[in-house]
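Structure assessment
Listed below are the residues making up each chain.
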Amino acid sequence: MSEVLALKYRPQEFSEVVGQDRTVEQLQSALENGTLGHALLFCGTRGTGKTTVARIVAWELNKKYEATVTWEKLQHLVITEVDAASNTGVDNVREIIENIKYCVQGHRVVILDEAHMLSKNAFNALLKTLEEPPKDVTFILVTTEPNKLIPTVVSRCQKYEFHDVDLETLKAHYRTIAELEKLPVSEEGLTQLALAAEGSVRDGLTLLQTSGEAVNDSSKEYFNLVGAIYNQDVVTALDVVQELRKANEPRTIIQMLEKWFYWASLESFGMKTPIRNYFSESAASNFDLGRLQEAFKTCLEIERNFTATPNSKIVLDMGVIKLCL
Ligand SMILES: Nc1ncnc2c1ncn2[C@@H]1O[C@H](COP(=O)(O)OP(=O)(O)OP(=O)(O)O)[C@@H](O)[C@H]1O
Ligand SMILES: [Mg+2]
């Protein structure tokens with residue numbers, strides 16, 4: 001149901017990444033020795049840290065600019081994340097190559113997620129750039145299915161493997177997070193969770209969240225935000241958003257709102273969700289499903305807008321205003 005815990009506990013530095021010791025060591029020493037390739041290939045199972053580590057690499061490559069670039073700004077300025085699954089064609093690749101020429105200050109990192117989905121022509125368009133990327137640009141190709149990549153691409157990349165995380169490591173990780181979140185999970189429960197995760201850190205976190213029925217600490221604020229949106233009270237809504245932004249990324253706020261609208265929809269049918277304590281059953285049965293659907297759709301639209309401009313605060317505020325209309 002939810003990825004909130006997974007997002008909240010996304011490692012921001014190498015030391016926080018679990019179960020990928022060798023890969024992390026290799027990357028760290030390549031970074032230290034200046035032997036990191038211009039094109040990297042991250043392969044391995046879903047939810048084992050590929051995207052996370054790609055972002056950390058971007059961060060490491062930009063540390064020397066730290067004084068001017070904060071982590072939040074950096075994400076927009078120097079990291080280009082492309083979902084190759086929905087940008088499969090030659091034109092998409094050309095556009096990326098074109099865009100990276102206009103380099104901002106810093107070391108640009110292009111993360112190509114689901115790289116195996118690129119068309120053959122798209123790969124061919126990419127080959128030359130992979131071989132000789134512009135100065136201060138690193139490509140990170142990410143894939144769960146490296147065997148679907150053409151050999152000429154693979155041979156141009158430094159390869160890093162992400163492994164299924166072992167049971168004990170997963171258990172320890174979930175124990176830490178359950179404690180931090182004050183979720184009552186027994187040792188037996190942790191074992192079950194780690195087993196069900198089948199090597200994927202994220203899958204287990206998602207399970208922990210749904211089974212623990214955890215609503216994060218900001219739930220009161222989200223409740224107020226949903227109420228303000230419902231009452232078309234723009235000023236209050238923006239106030240709450242400002243409060244939420246102290247602890248949450250703009251995108252996370254919208255994703256959490258999506259969940260609230262989703263949960264509220266389920267509640268209107270009498271189904272039990274993590275927000276049960278916030279509404280009486282009779283109030284829930286009166287929710288306007290049409291408006292919830294509309295609000296949900298608007299959230300998806302706002303989410304897409306985050307990729308259109310680097311100024312996520314504006315996207316968030318304008319999006320919330322639209323939700324209130
Ligand atoms: N090795 C790890 N150490 C700590 N947390 C992890 C690790 N791998 C995944 N996670 C958790 O799972 C979330 C998703 O991880 P990430 O996006 O890096 O996975 P991925 O390998 O890119 O998955 P996919 O193949 O589905 O894109 C992270 O935000 C984090 O909470
Ligand atoms: Mg990923």
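Everything numeric in this text was worked out from a predicted model, so none of it was measured. (Residues numbered from 1 in each chain as written. Chains lettered and ligands numbered in written order. Predicted model: local features only at pLDDT ≥ 70, side-chain atom pairs only at ≥ 80, totals over all residues.)

**Examining the site of ligand 1**
Around ligand 1, the surrounding shell holds 21 residues, and the nearest of these are Arg10, Gly49, Thr51, Thr52 and Arg202. For the shell around ligand 1, the secondary structure elements donating two or more residues are α1 (4-8), α3 (50-61) and α10 (201-212). The residue inventory of the shell around ligand 1, partitioned by class, reads nine nonpolar, eight polar and four charged. Among the domains, domain 1 (20-162) and domain 2 (167-212) are the pair contributing at least three residues each to the shell around ligand 1. (Near = placed C-beta within 6 Å. Helix = DSSP H or I, 4+ residues; strand = E, 2+ residues; numbered from the N terminus. Nonpolar A, V, L, I, M, F, W, Y, C, P; charged D, E, K, R; others polar. Domains from an automatic or database assignment.)

**Side note on the environment of Val18**
Position of Val18 relative to the elements: it lies in the loop between α1 and α2 (21-33). Counting along the chain gives 31 residues from Val18 to Gly49, while the straight-line C-alpha distance between them is 8.5 Å. What Val18 contacts, discounting residues up to four positions off in sequence, is Val165, Thr169, His173 and Val201. (Contact = placed C-beta atoms within 7 Å.)

**Details of the domain arrangement of the protein chain**
As assigned here, the protein chain comprises domain 1 (20-162), domain 2 (167-212) and domain 3 (219-324). Domain 1 and domain 3 are separated by 33 Å when their C-alpha centres are compared.

**Re unusual backbone geometry**
For Glu114, which is not glycine, the phi torsion reads 55° and is therefore positive. If you trace the backbone, Glu114 turns up in the loop between β3 (108-113) and α6 (120-131). Phi angles above zero are rare outside glycine, and Lys182 is one such case at about 55°. Position of Lys182 relative to the elements: it lies in the loop between α8 (167-180) and α9 (187-197).

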